[in-house]
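What follows is the residue order along each chain.
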Amino acid sequence: RYKQLEQLVNIFSKINMPLIIAGRFDDKERFHKLTQIKTSNVEIYDTILPEEEYLEMIASSQYSFLPYDMDQYVSRTSGVLLESIYLGSIPIAPSQLLLQNSLPGMGYNEMQELLEEKNWRADFADSFKKVYEKYDKEIFMHRLIRCIEG
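Below or above, wherever it landed, is the structure these notes cover. Quick caveat: nothing in here was measured; it's all calculated off a predicted structure.

1. So, the nonpolar core
For step 1, the next point in the chain: The biggest cluster of nonpolar side chains holds 21 residues, and the ones touching the most others in it are Phe 12, Leu 19, Ile 21, Ile 44, Phe 65, Ile 92 and Leu 114.
For step 2, the next point in the chain: Mapped by element, the contributors of at least two residues to this core are helix H1 (5-15), strand E1 (19-23), strand E2 (42-46), strand E3 (63-65), strand E4 (90-94) and strand E5 (106-108).
For step 3, the next point in the chain: Counting residues per element, this core draws most heavily on H1, at 6 residues.
For step 4, the next point in the chain: The residues contacting Ile 21, other than those within four sequence positions of it, are Leu 5, Val 9, Glu 43, Ile 44 and Tyr 45.

Structure below.
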């Protein structure tokens, strides 16, 4: 309910890039609607992944999409955002989320911006690798502790 999954699925149907959405859907009607609008490049699973499988999925993904509705997610952080950076998966999230957490990633104000950028994937991946080098385990742990302590 705090994620703009419908918009994400619609965008991926246009850019024809693989997308996996995995998580527990409390709203089964929403899950059903998403499975009806998805295209063949989108996989949607109503399940809680075991921790090891969850972390492996993030680590093996070039990108992690965090389609948070920022009207509902003001002044919050995301464990997925932190785990993505630590595991080397480029987070693509609302700019506000990245800025309020002072973390790197590809930010957008409106998800539709992802459609406008024809070559963002290769260009952005190269620039993120340079930024990511600054985020070693020690820095990550320091920032995580700071976030937890508030």
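Here the narrative resumes.
2. Details of H1
For step 1, the next point in the chain: Considered for burial, the residues of H1 that qualify are Leu 5, Leu 8, Val 9, Ile 11, Phe 12 and Ile 15. Buried residues of H1, seen end-on, are gathered within an arc of 165° and therefore sit on one face of the element.
For step 2, the next point in the chain: Downstream of H1 by a residue or two, Asn 16 has a phi angle that is positive, lying close to 50°.

3. With respect to the packing of aromatic side chains
For step 1, the next point in the chain: Under the criterion given, the structure shown has 3 aromatic pairs.
For step 2, the next point in the chain: A ring pair is formed by Phe 12 and Phe 65, whose centres lie 4.8 Å apart and whose planes are at 85°; its orientation type is edge-to-face. Here the residue Phe 12 occupies a position in helix H1, and Phe 65 occupies one in strand E3, the gap between them amounting to 53 residues. Phe 65 carries the same exposure label as Phe 12, and that label is buried.
For step 3, the next point in the chain: Here the aromatic rings of Tyr 63 and Phe 65 are separated by 6.4 Å at their centres, their planes lie at 50°, and the arrangement is tilted.
For step 4, the next point in the chain: Phe 65 sits in the buried class, given a relative accessible area of 19%.
For step 5, the next point in the chain: Each member of the aromatic cluster is reached from another via a ring pair, and the members are Phe 12, Tyr 63 and Phe 65.

Rules of the game
Residues numbered from 1 in each chain as written. Predicted model: local features only at pLDDT ≥ 70, side-chain atom pairs only at ≥ 80, totals over all residues. Heavy atoms only, no water. Core = buried A, V, L, I, M, F, W, Y, C linked by side-chain atoms within 4.5 Å. Buried < 20%, exposed > 50% of the residue type's maximum accessible area, 1.4 Å probe, protein only. Helix = DSSP H or I, 4+ residues; strand = E, 2+ residues; numbered from the N terminus. Contact = heavy atoms within 4.5 Å. Arc of directions from axis to C-beta. Phe/Tyr/Trp six-rings, centres within 6.5 Å; stacked < 30°, edge-to-face > 60°.

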